[in-house]
Structure formats: C-alpha cells, structure tokens
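# Structural overview for review
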Amino acid sequence: MRHRTSSNCWRTIWFCAVLMGQYLRAEWIWIEGEAADERNVTRQSWYDDVRKDGMSGQEWISHYNARQPGTATYRFEVKSGGDYVFWWRGNVLKAEVSYQLDGGAFQPIRFADKRGEYQISPQPDHRRLAWVKVGTVNLPPGPHALTFRFHSSTFNHGGIDCFLFSNEPFVPSGALKPAGRGATAKPDEWFPAVFDDDPLSPRSVIDMSALVEAPAGMHGFLQKDGEHLRFENADAPVKFWGCGANFDPQLTRAEATQRIRWLRKYGVNLVRHHPVFSSLGPLQDGRLDPGRVDEFDWWFAELKKHGLYYTWSLFYPLEITPDDGYPRALFDELEPGKYGRRTYGLVNMSRALQDLQLRYLTAVLQHRNPYTGLRYVEEPALAVLEIQNEDCIFFHNPLSTLQRGQLPEHARLLRRMWCDWVKARYGTAAGVRQAWGGLRPGESLAAGELGLFGAFHLAAAGPVFDFKGQTRRAGDFIRFLTEMQKEFYDRREKEMRALGFKGVTVTTAWRAGGAAADPANLYCDTSCDMIDRHNYFGGGDGHHVITTGKVNPDSHLARPGSGLLALGLYQVEQRPFSVSEWSQMPPDPWKVEAAPLIAFYGLGLQGWDASYHFVSSRHRFGDGWPSLSKYVTDTPHYLGQFPALAFALHHGHIQEAPVAAARRLPVDALFRGVDPLGQDFTGGGWDNKTLAGCQTTPMEVLAIGRVTVGFEGGSPQKANWDQYWDKGRKLVRSMTGELTWDYGRQIVTLAAPRTQAILGRAGGQTIDLPGVKAQIATPFVSLLFTPLDNAPLAVSRHILITAMARDTQTGAELSADGTQLTTLGGPPLLMEPVQASLWFKGAKPVEVKVLDLYGGPTGRTVAVGADGGFHIDGTYRTYYYEVKR
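Structural notes, computed from the coordinates. (Residues numbered from 1 in each chain as written. Predicted model: local features only at pLDDT ≥ 70, side-chain atom pairs only at ≥ 80, totals over all residues. Heavy atoms only, no water.)

## Observations concerning the overall build of the protein
A tally of helices and strands in the protein yields 13 helices and 51 strands. Sorting the 885 residues of the protein into buried and exposed places 61% on the buried side. Counting only contacts in the protein whose residues sit at least 6 apart along the sequence, the fraction spanning at least 24 positions is 73%. Working note: accessible area of the protein is about 32,600 Å², and carbon and sulfur atoms make up 49% of it. (Helix = DSSP H or I, 4+ residues; strand = E, 2+ residues; numbered from the N terminus. Buried < 20%, exposed > 50% of the residue type's maximum accessible area, 1.4 Å probe, protein only. Contact = heavy atoms within 4.5 Å. Areas by Shrake-Rupley, 256 points an atom, 1.4 Å probe, with all protein chains shown as cover.)

Here it is in structure tokens:
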C-alpha cells in the first residue's frame, strides 16, 4: 500500500474504495484499497449515464450470491492515535453492510441516520448514495486493517463510495470535500449550512427549553375555554407552537431522546402523531402489537418527561380485514392497504366502520402505559384527540367516487340512504317533484333509487353540470350529508368522553370538495372542541417530492391574508382554532416568510391557539433540501426561526386583535344549495387550498383583525375596514397598530413593543422600527429582533437577532423567471446571508457576538461603530447574532 500526506496537516484520514476525482487531491491523506477475497467481489465501472454527471472512474463492490457475501479490506497506518469519528458513504438502498476493525467482531453499519441521501440515477439497484456516521473508534498509532462485508439479499448490492476517520469537528455533506476552513467569506457569499447532532450546549443563546415546562400534564388536562385553550389548573390561556413528530422505530432510544430535547430547545411544546393506526398497526385478537406499543409507550413517556404535549391523529385511514365482520360484498370493494383494506371517506357513511374505529380507539385509550403508569384515557399529556385525518363525507373521496358509480355496492347503499331521507322529508314522489321541480330519468322513490351529487357538482353559486338549476335539491343533499356527518361526530364525541378522555377533541382538518357544502362541513366540525385545518403553499412538480420542472414561486406578501393565512376564514366563534399541518414548500424561494406570518398573523393577530408545522422526522437538521421532501420542519427556514417565534408567542408579544368581521349564520342558511359565505377554497389542489375569493369578507381583512364565523344566528359584526386598509397605497395596518402589510412593496413589519421584525422585499431600503433601524441590502429577508430579557426592545439589554434570506441546494438552478427548476443540485444547503446595517434605539451595544448555527458563541464579534451601528453579512457565515448592552 502507499499513502500521501497532506501539506496543511488537516487531521482527517480519507479512504476511497476507488479513485474518486471529487475527493482525492494531493493535500489529503489517502490510501488505495484492495479486495481481500476476489472470488466474492466483482469490480464494475459506472454506467454511461452516471459518467455524464462527472463521476466516472468509480468502482463498486457487488456480490452475486447472498450465501457468499462480498468483502473488501483496506490497510492503513495512523500516526496520531486517539478517538476518531468514522464516516462512511455508499449505497443505502436495502443494503446490509458490516465492518471489522483489526480482526475484531463484525459490527453492522446502521442506516437510520442517513446524511444527504442522493439518487444519482433514475435506475434502482445500487445508485442511492448517503453519508452515515458509523460511530467513534479508537485508533492507536500504527498499522490497521478495516474489512467491509456486504450481506444484502441477492438482488441488493453493496457499494462503497468512500469513508473516512476524523479527529476534528467535521460533518460531510453531499459530494463535496470540506472547504478550506481558513478561507475568508465574501459579504454576499452564500454559506453552507451543515449540521451534526446538536450539542445542546447550555451556552446556546437560542435555547428555549426553559419555556417548555416539564413534565407535560403538570397543570392538568387541556380544556376548551371559550375561544382559547387553557389547562384546567392554570390561570391563563396557553399557545402551542409545535410540529408533526411520529416516533421513529429506527432510532435508538438515545437518539430519540436527543430528538425530543432538540425540539424542546427550539421552543416546541406540542407534537402531533399522524396517524396513530399506521404506527401501532391493527389489533391482534383485540390487542395492540406488544413490540410496537412498547416503543410507542416509551416515546410518549419521554415526550411527557421533557414537557412536550401530544396530539393524536388516529386514522388515515382505518384498515380492516375480513375477520372484522364488514359485509363481504362491501369489503371486496375497498382499496388494498398495508394491513388489509382501506376505509377512506366511507367511514363517514357507515355505522359498521365507525364502530370498528371505536373498537380500535377504545383499545388505545384503555391501554396502560407501563412507563407512566397511566392509561392513555387518564393521561393529561395527551392534549388533543383527533377523530380522523383529512376525511369527511363532503369530499371527492367518497362523494365523487360514489357518484361516478365506482364502489357500486357502497354507492347503492348511499343512494338508498339518500332516498330514505327524501321520503321522510317529503313523503311522496309528488311532494319531491313539487319541491325539486321533478325527478331525473331512471329515478324512483319506490325502488329506493335517487342519483347522488358529486362533490364537484356543489359549486359556490349553485349546482353545476348535469344538476345545474336544481339548487333546492342540492340544498337538501347538503342537509342530508350534514345530518349524517354530524350524527357520527356528536356520537363519537360522547363515546370518547364516556371512555374518560378529558382533553381537547377535534373532528378532522378537512374541507368539502364543493364550495356550497364547505360551511356545512365546518358546522359539523363544531361537534368537537376545536376547529382544525391544513394548508400548503408553494412547491411545484413532483407531488410530495422536489424534482426538476415547474415551480410555484409565489410569495404571500403580494396579497394580505392569502395562502396559508386564508385558513383564518374557517375560525369559528367561541372555538379554539389550530392548523395541524402547514408549510410553504420548497423549492419556493420565499419560504422563509411562512413561519413568521403564521406566528404574527395567525397565533398573534387572529388569536389561533396551536400551530404544527408538517413535519419533523429527524433528531438533527437535515442535509440540503432534506430527503428532497416538500414537508420538512428540520431545516433552517422552519426550525431555525422557531426560537424567536416561540419566545414571542410564549410571552404574548403580539396582541390579539378585536373582531374585524364576525359572520353569523342561521343553520338553515347552510342548506340553500349555495355557499352563504361566498368563500371558495376548491382551487389549488387538495393540499394547496387556494381561496378563489370571498364575497362576504375580502382576505385582506385577515391582516386587519380577527375574522370568525358563527352558526347561532344573530347580527353580523364588521369593523370599519377602510380605517385600516389604504387601497391606493396598497397598505393594510392591523387594528392593534403593531403589524403593517405593505403589499405594494411586499414588506411586512412587526412594531410591537418587544419583538420586532422585518419580512419581505426590503433590499435597498431603510426601515425604522420603534426599537431598531435597519438598512438592508439583501433582496428578501426575515429579520427578527427578540429581547431575551423580555423587556421592550428599545431598552432591552440582551437581544437575539435571527437573520435569514433564501436557501438553495448546491448546484440547483432556477429559470430566469423562477418558474422552472432546471437543475436539482444536492447537499449541502446554501444560505444567502443577510447584509444589513443595524442601529438599536437607546443604549449602544457593548458587544455583538457571532453565534454558530446551534446558537452557541463562536468567539467572533461584530465591530460596533461610534454611533452604535454595526453591519452583518456573509463574512460571518451564520444567521444568529447576540447583542449585549
């Protein structure tokens, strides 16, 4: 063997299974490997399509026979002994790899914590690369031998791209070697954001764990308190700033605890499990799977211990088997699932399926958690119980599916139920004809056959297509569905209470498929304590994953109250309101705006009670655009802004507004066949709920004050919107005087006494807030100023600055107009630095510290001028700064 030593003495030993141009340079220590058993190892070069990516010359170790696993041995010499972190990069797609160091026992390489996973070809087999942190090993000085064994199944190959040992802090990312650490960054240079496990240092300035009281449940059960949430033994309402976070059985318990402590550090005090059924699996002889429920119980207890409350989304959907007793003709129509057959939508019309749901719910709630000693029905840390996720009778699945004649047995059943309802209301066919103006060809009350509306028929201004003009019939159909849906929800609420559940209940977070039925669907949701909704914004091609192609590059800032915030039109009088799934999805370049808007206008101005970003699935920040998923909390634009936002919400920095619009409807107004609110959310796709318009309340009013709807009748209430909305200047001010939405310039400012902020297209402008003046060069920013001593910003002696702009993956490219992602790129994530000169009102700063990406001190400071001003930019490679004065 031969080796070459680096001239800069950077103490990392790099190994490559093959020569690899992106890694091997003259300055690195490298050793060429050789196979220990050539009979079981074949070397093959990359295919031509991979060579086009500039990765030619790599070789992979594969094996043909699982009974004769392939091995490869590499020999090297260490001069400086000690502990080294062992990193490995290779194929992680169904591969099974173990390693042996210096003749010891073979140890498996766990792929649970993959870094920068990257599909380098559309072909399957062994072309999915990722970094894996194998662990820490002790390497005494002298020669060593490292052997890898590949023991995947016959058709799943093993492959090594490269591996290394490092005794200096280092986190690999993508296909790039570490940049020269002494290089000076430029003020406008985008910097890589690469993370390892958070050290959870007590010196971290962004640590908000003190805000999250532990254990969860210490103040009793969470309760509905009018329009707010309050613990039964607390004097004041509570706000929840959270995210989705299912337990991950691939993590060790140490890693899972790290994950919980990490979320708590960032101010998360509530997580949502979606769905519980998929994690626990079906009942087995009436019981939960012992192995699965044990991991679930431990995770719940660990969340509770650290102060995080839990929301359960129970079903999406319930799956059943023939043994559950559902009529066979109906069962055979159901869509196959993982455990049996899926019951999406149909549960809302079937008492039999509802009873099967209840049987499962009962088993879970009555289960005693051995780690807490409590049955879940007795558990105050279980804050919110949701009947079902994204499911209602009014949506396309099942309504449009059944109208089109799919699932014929279920369709026949619903037609008969509809016919029976009509008979009970009108008595005779003559009465029906008089009410509706006639029946359709082939319909017969006597035969129990009346045609169904599809969700798409129920348009805002009245029924469309083949039901056009039959408005009264549409109203009756909506009433029929409402009675069916609400009977289910009312009964389920009573059943949950009868089981002993004392927390907050939610029906579902879903909407109707047709605008005319949407207010009726919302009325059904009042059967439980809290109203909940989901919404998404941005994204592009690729459905749930990021891919090249079309991008939705919109910003909320061009239209006050649009996008995610438009869900405020669903807020019901005297009901708490939550948004249990939301995100502004990459590769939308402006997604840094989303979390502040939800905090300032949603939980702040509108008085919403709980936010859950969708979704956290890691115990550290992800790499690049993590897993190329559109739904990721674990990235700087979301979790990285949480500390400042959680602090502001916990301390009540943003005032809740008075009512700007209270829309009040009698229940009968829901059944006229038209949308009485005139607000149509049917556009934009299923996840991206786009408001096409609202006849009664423009969405801009959501930037003025609280907007509600009530179903008890009474006189509507309306503020003088013109007092706050300057349409000529394209500017909306809140009734509290704290928030200004300049949609002409696309800038939002928060000028509360304590937390203050600048959001949007502020490049080239000077913005003067009560506590700080900012001269900004970066085109689009989120600048949050947080007084960590909870004093007014103008006199605060301890301030956190969170300064973010756009992000991208290394090598990603957008078209000139931003509507096409032409090159996907890969890790690491690059962050655009905020370049701004800042002057705080009041006393001059004594010191401005540069913090690292974990919020810890770096030892660097920012120079403060004689006038108290200072400048932040890309030379600091961070988005956190600490100001002392």
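After that view of the structure, there is still more to cover.
## Comments concerning the nonpolar core
As a rule of thumb, soluble globular proteins bury nonpolar side chains together. In terms of nonpolar packing, the biggest core is built from 203 residues, with Trp 241, Trp 312, Phe 600, Tyr 601 and Trp 741 touching the most fellow members. In terms of residues, this core owes the most to one element, helix H10 (residues 471–499), which gives 10 residues. Core analysis: the next-biggest nonpolar cluster, separate from the first, contains 28 residues, Val 772, Phe 840, Val 862 and Tyr 876 among them. (Core = buried A, V, L, I, M, F, W, Y, C linked by side-chain atoms within 4.5 Å.)

## Topic: the side chain of Asp 873
Among the structural elements, Asp 873 can be located in the loop between strand E50 (870–872) and strand E51 (880–884). Here Asp 873 occupies a buried position and makes no salt bridge, while the nearest side chain of opposite charge, Arg 860, is found at 7.4 Å. Apart from residues no more than four positions distant in its own chain, Asp 873 is found in contact with Pro 187, Pro 833, Val 834, Gln 835 and Tyr 881. (Lys, Arg positive; Asp, Glu negative; His and termini not counted. Salt bridge = Lys/Arg side-chain N within 4 Å of Asp/Glu carboxyl O.)

## Quick look at the sheet that holds strand E8 (residues 97–101)
Paired through their backbone hydrogen bonds, the strands of a sheet run either parallel or antiparallel. Pairing is antiparallel in the open sheet, where 4 strands are placed in the order E6-E12-E8-E9. Only two strands of the sheet have a single partner each, and these edge strands are strand E6 (70–78) and strand E9 (107–108). Two elements, E6 and strand E12 (residues 142–150), share 9 bridges in a ladder whose sense is antiparallel. Within E12, the residue paired with Val 78 across the bridge is Gly 142. (Pairing = 2+ DSSP bridges.)

## Here we look at the sheet that holds strand E29 (residues 577–585)
Spatially, the 8 strands line up as an open sheet ordered E26-E25-E19-E18-E17-E30-E29-E27, and their pairing is parallel. Single-partner strands in this sheet number two, and they are strand E26 (504–506) and strand E27 (531–538). Taken pair by pair, the neighbouring strands of this sheet meet at an average axis angle of 25°, ignoring direction. (Axes fitted to C-alpha atoms, helices over the stretch in contact; angles between N-to-C directions.)

## Digging into unusual backbone geometry
Going from Ala 214 to Pro 215, the amide bond is cis rather than trans, its omega being 0°. By the element assignment, Pro 215 lies in the loop between strand E14 (191–193) and strand E15 (222–225). Across the junction of His 274 and Pro 275, the peptide omega takes the value -20°, indicating a cis bond. With respect to the secondary-structure elements, Pro 275 resides in the loop between strand E18 (270–273) and helix H3 (276–280). Unusually for a residue other than glycine, Glu 390 sits at a positive phi of about 40°. Located in the positive-phi region is Phe 465, a residue other than glycine, with phi close to 60°. With respect to the element layout, Phe 465 can be found in the loop between helix H9 (429–436) and H10.

## Some thoughts on the environment of Lys 186
Position of Lys 186 relative to the elements: it lies in the loop between strand E13 (160–166) and E14. Residue Lys 186 is classed as exposed on the basis of its relative accessible area of 54%. As a C-alpha pair, Lys 186 and Gly 874 span 688 residues in sequence and 5.9 Å in three-dimensional space. Ignoring any residue separated from it by four or fewer positions in sequence, one finds Lys 186 in contact with Gly 874 and Thr 875.

## A look at the pattern of salt bridges
Per the counting criterion, the structure on display carries 46 salt bridges. A salt bridge links Arg 272 to Glu 581; its shortest N-O distance comes to 3.0 Å. Remark: Glu 581 occurs in strand E29 and Arg 272 occurs in strand E18; sequence separation between them is 309 residues. Each member of the pair, Arg 272 as well as Glu 581, is classed as buried. Between Glu 378 and Arg 368 there is a salt bridge whose closest N-O contact spans 3.9 Å. Taken together, the positions of Glu 378 in the loop between strand E24 (374–375) and strand E25 (382–386) and Arg 368 in strand E23 (residues 368–369) put the pair 10 residues apart, joining distant regions of the chain.

## Describing helix H7 (residues 396–403)
Taken together, the buried positions of H7 are Pro 398, Leu 399, Ser 400, Thr 401 and Leu 402. Among the structural elements, helix H8 (408–426) and H10 are those in contact with the buried residues of H7. Of the residues flanking the end of H7, it is Gly 405, one or two places downstream, whose phi is positive at about 90°.

## Notes on the environment of Leu 691
Within the secondary structure, Leu 691 sits in the loop between strand E31 (659–664) and strand E32 (706–710). Along the primary structure Leu 691 and Ser 562 are separated by 129 residues, whereas in three dimensions their C-alpha atoms are 7.3 Å apart.

## Side note on the packing of aromatic side chains
For the structure on display, the rule yields 57 aromatic pairs. On the basis of an interplanar angle of 50° and a centroid distance of 6.5 Å, the ring pair of Trp 241 and Trp 582 is categorised as tilted. With a gap of 341 residues between them, Trp 241 in strand E17 (residues 240–244) and Trp 582 in strand E29 connect regions that are remote in the sequence. The buried category is assigned to Trp 582, whose relative accessible area is 1%. Plain terms: the ring middles of Tyr 426 and Trp 436 are 6.5 Å apart, the flat faces sit at 75° to each other, and that makes the pair edge-to-face. Here the residue Tyr 426 occupies a position in helix H8, and Trp 436 occupies one in helix H9, the gap between them amounting to 10 residues. As far as the burial class goes, Tyr 426 and Trp 436 line up, both buried. Through a chain of ring-to-ring contacts, three or more aromatic side chains come together here, namely Trp 418, Trp 421, Tyr 426, Trp 436, Phe 453, Phe 467, Phe 477 and Phe 480. The cationic tip of Lys 718 hangs over the ring face of Trp 721; the distance from NZ or CZ to the ring centre is 4.0 Å. (Phe/Tyr/Trp six-rings, centres within 6.5 Å; stacked < 30°, edge-to-face > 60°. Lys NZ or Arg CZ within 6 Å of the ring centre and 35° of its normal.)

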